[in-house]
Amino acid sequence: MGENQRKTRHKVSLIGAGQIGGTLALMIAQRELGDVVLVDITDGIPQGKALDLLESAPLGDFDVQLKGSDGYEATKDSDLYIVTAGLPRKPGMSRDDLLRTNTEIVKKVAENISQYSPHSTIIVITNPLDVMTQLMLRMTGFSKKRVVGMAGVLDTSRFRSFVAMEMGVSVEDVTALVMGGHGDSMVPLPRYCNVSGIPLTAFLSQEKIDEIVERTRNAGTEIVGLLKSGSAYYSPAAAAVEMAEAILKDKKRLLPCSAYLEGEYGIQGYYLGVPVILGAGGVERVIEVELNDAEKRALKKSLEHVKSLVDQLHLN
Ligand code: APR
């Protein structure tokens, strides 16, 4: 019986067992999305976190296996990888400052994933996000549907939280959409935000909406400023789990993700945050919504920023 259960369960490998990796392991186990393997270069950390979580299973009521490792063999035949390996930001740093260090790390991770699980799907979280996702695509040679970046779900969740706080309504009733690159040039789209179907503009002044847009843009930096020793981890982990669930359960969720564009929104050959359908096939479809001139300009500016980083790595 135990053996049969193991065979039918998904296998999720988390590369990087730091703040986000550890939180991901907990959330994935609690939702019983699959067996979890944690991998990190710091020996003892993935093993320790996995064992600690395993010992909480009788209290958390979850029946999944958790394993920690300093090598990739344990990840063999994973259905899904979530990659956080790399350095996080410190105060005063932008996500772009991580480019050089994290490039070398992501290259190594990509080599190992293609060797051990050539048919897997990969969610990238390592920053600078859109560029690291493009690097992962190039280095693995996977189909573009199988390599997706986590940014929009987090940025949208931040926007929704601020709207709910401002209005004193449930976060459940607020929907929103944030597109573009994961950085200062992200493109929150208040026009596509509503509260139980009622447009945001019916409740909040333009000035208030602009404030929320600005706070969303700086939300990651606000957390870095408070934590001082690293960047946000609860909300990035929760956002990636939302995506993981959509893929593993083939939910066909419509979520904003960093996806490889080949003509959509007039963009060719770059990763950028757009609404997509996320299911068992990975990024199954990119959804093209109508943008007004100001929104198109903001998206173009965001693309220019991502392009400048991609060009530094000579990825195109
Ligand atoms: N292989 C595996 N793990 C690695 C490697 C590698 N080559 N290099 C570094 N790591 C591990 C580190 O040892 C560390 O445990 O990645 C982990 C990163 O964890 P944290 O430093 O706690 O950072 P975290 O907050 O989890 O953020 C990770 O996500 O949001 C982004 O900007 C953030 O790029 C950063 C990443």
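Residues numbered from 1 in each chain as written. Predicted model: local features only at pLDDT ≥ 70, side-chain atom pairs only at ≥ 80, totals over all residues. Heavy atoms only, no water.

Across the sheet, three strands lie side by side as β7-β10-β11; this open sheet has antiparallel pairing. Each edge of the open sheet carries a strand with a single partner, namely β7 (174-175) and β11 (198-199). With two bridges joining them, β7 and strand β10 (residues 194-195) adopt antiparallel strand pairing. Residue pairing in the sheet places Val174 in a bridge with Val195 of β10. (Pairing = 2+ DSSP bridges. Helix = DSSP H or I, 4+ residues; strand = E, 2+ residues; numbered from the N terminus.)

Between the first and last C-alpha of helix α7 (residues 152-167) there are 22 Å, a value that for 16 residues agrees with the 22 Å anticipated at 1.5 Å per step. Among all positions in α7, only Gly152, Val153, Leu154, Asp155, Thr156, Arg158, Phe159, Phe162, Val163, Ala164 and Met167 are buried. (Expected span 1.5 Å × (residues − 1). Buried < 20%, exposed > 50% of the residue type's maximum accessible area, 1.4 Å probe, protein only.)

The subject of this paragraph is empty space enclosed by the protein. Rolled over the atoms, a probe with the dimensions of a water molecule shows which regions are left empty. On inspection of all chains with the given rule, the structure shows one cavity of 30 Å³ or more. As for the largest cavity, its lining consists of 13 residues, of which Asp96, Asp130, His182, His305 and Leu309 are closest to the centre. Listing elements by their share of the lining of the largest cavity, those giving two or more residues are α6 (129-140) and α11 (293-312). Looking at the lining of the largest cavity, its residues break down into five nonpolar, five polar and three charged. A domain-level breakdown of the lining of the largest cavity finds at least three residues from each of domain 1 (3-149) and domain 2 (152-313). (1 Å grid on protein atoms, 1.4 Å probe; cavity = no way out; pocket = protein on both sides within 12 Å on 5 of 7 lines; lining within 4 Å. Points joined across faces, edges and corners; volume = space filled by probe spheres on them. Nonpolar A, V, L, I, M, F, W, Y, C, P; charged D, E, K, R; others polar. Domains from an automatic or database assignment.)

Here we take up the side chain of Arg158. Along the chain, Arg158 turns up in helix α7. Comment: no salt bridge for buried Arg158; closest opposite-charge side chain is Asp155, at 4.1 Å. When near neighbours in sequence (up to four residues on either side) are disregarded, Arg158 contacts Arg95, Thr216, Ala219, Gly220, Ile223, Ala232 and Ser235. (Lys, Arg positive; Asp, Glu negative; His and termini not counted. Salt bridge = Lys/Arg side-chain N within 4 Å of Asp/Glu carboxyl O. Contact = heavy atoms within 4.5 Å.)

Proteins that are soluble and globular tend to have nonpolar side chains buried together. The biggest cluster of nonpolar side chains holds 87 residues, and the ones touching the most others in it are Leu24, Ile82 and Met136. The greatest single-element share of this core, amounting to nine residues, is contributed by helix α10 (residues 234-248). Three or more residues apiece are contributed to this core by two domains, here domain 1 (3-149) and domain 2 (152-313). Non-local contacts of Leu24, meaning those with residues more than four positions away in its chain, are made with Leu14, Ile82, Thr84, Ile125, Ala237, Ala240 and Val241. (Core = buried A, V, L, I, M, F, W, Y, C linked by side-chain atoms within 4.5 Å.)

This next bit is on the pattern of salt bridges. Taken as a whole and assessed by the stated rule, the structure comprises 14 salt bridges. Across the pair Glu211 and Lys208 runs a salt bridge whose closest N-O atoms are separated by 2.9 Å. Taken together, the positions of Glu211 and Lys208, both in helix α8 (residues 206-217) and three residues apart, correspond to about one turn of that helix. One salt bridge in this structure joins Arg253 and Glu242, with 3.2 Å as the shortest N-O distance. Taken together, the positions of Arg253 in strand β12 (residues 253-262) and Glu242 in helix α10 put the pair eleven residues apart, joining distant regions of the chain. Using a relative accessible area of 29% as the deciding quantity, one classes Arg253 as partly exposed.

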